[in-house]
Amino acid sequence: MIFIVAKWPVKPEYVEQWPDLVREFTQATRAEAGNKWFEWSRSLDEPSTYVLVEAFDDDAAEAHVTSEHFRAATAQLPKYLTRTPDIVNATIDQETWSELGEMSVDG
């Protein structure tokens, strides 16, 4: 699968609105064939930074970046950011999350 983590540095005046600003993009991406997950979190160390963790089947990434909602997001979202987002993008030999073996929790 293709595994992506991106850090989105949001302008302070838009930080609280960010989940609403990306709602349509998020919902459309989650509905794509081959999308495994598309999850936003807010950094504890940098409160104006949101972290996006996303994953796609190997053959689904091109459809994502050529979709209408992706093009709309790349046109509309930069005005809410302080700079270009950072990204880590890797193809990994895995299909879903694994358990963290070093921190086993007995139910």
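Calculation rules
- Residues numbered from 1 in each chain as written.
- Predicted model: local features only at pLDDT ≥ 70, side-chain atom pairs only at ≥ 80, totals over all residues.
- Heavy atoms only, no water.
- Helix = DSSP H or I, 4+ residues; strand = E, 2+ residues; numbered from the N terminus.
- Buried < 20%, exposed > 50% of the residue type's maximum accessible area, 1.4 Å probe, protein only.
- Contact = heavy atoms within 4.5 Å.
- Pairing = 2+ DSSP bridges.
- Axes fitted to C-alpha atoms, helices over the stretch in contact; angles between N-to-C directions.
- Phe/Tyr/Trp six-rings, centres within 6.5 Å; stacked < 30°, edge-to-face > 60°.

**Observations regarding the side chain of Thr 29**
Piece 1. Structurally, the position occupied by Thr 29 is in helix α2 (residues 23-30).
Piece 2. Thr 29 gets classed as buried once you look at its relative accessible area, which sits at 0%.
Piece 3. When sequence neighbours within four positions are dropped, the list of residues in contact with Thr 29 reads Asn 35, Phe 38, Phe 56, His 64 and His 69.

**Description of the sheet that holds strand β1 (residues 2-9)**
Piece 1. If you trace the four strands from one edge of the open sheet to the other, you get β2-β3-β1-β4, paired in antiparallel fashion. At either end of the open sheet lies a strand with only one pairing partner, and these are β2 (35-42) and β4 (86-91). This sheet shows a mean twist of 10° between the axes of neighbouring strands, independent of strand direction.

**Side note on the packing of aromatic side chains**
Piece 1. One pass over the full model with this rule turns up ten aromatic pairs.
Piece 2. Here Phe 3 and Trp 97 contribute two aromatic rings whose centre-to-centre distance is 6.2 Å and whose plane-to-plane angle is 90°, an arrangement assigned as edge-to-face. Placement of Phe 3 in strand β1 and of Trp 97 in the segment after β4 is noted, with a sequence separation of 94 residues between them.
Piece 3. Considering the side-chain rings of Trp 18 and Tyr 50, the 6.3 Å spacing of their centres and the 35° angle between planes classify their relative orientation as tilted. Placement of Trp 18 in helix α1 (residues 18-21) and of Tyr 50 in strand β3 (residues 49-56) is noted, with a sequence separation of 32 residues between them. Take Trp 18 and Tyr 50: they sit in the same class, and that class is buried.

**A look at the side chain of Thr 49**
Piece 1. For Thr 49, the location among the structural elements is in strand β3.
Piece 2. For Thr 49, a relative accessible area of 5% translates into the label buried.
Piece 3. Sequence-distant contacts of Thr 49, defined by excluding residues within four places in its chain, comprise Lys 7, Trp 8, Pro 9, Ser 41, Arg 42 and Ser 43.

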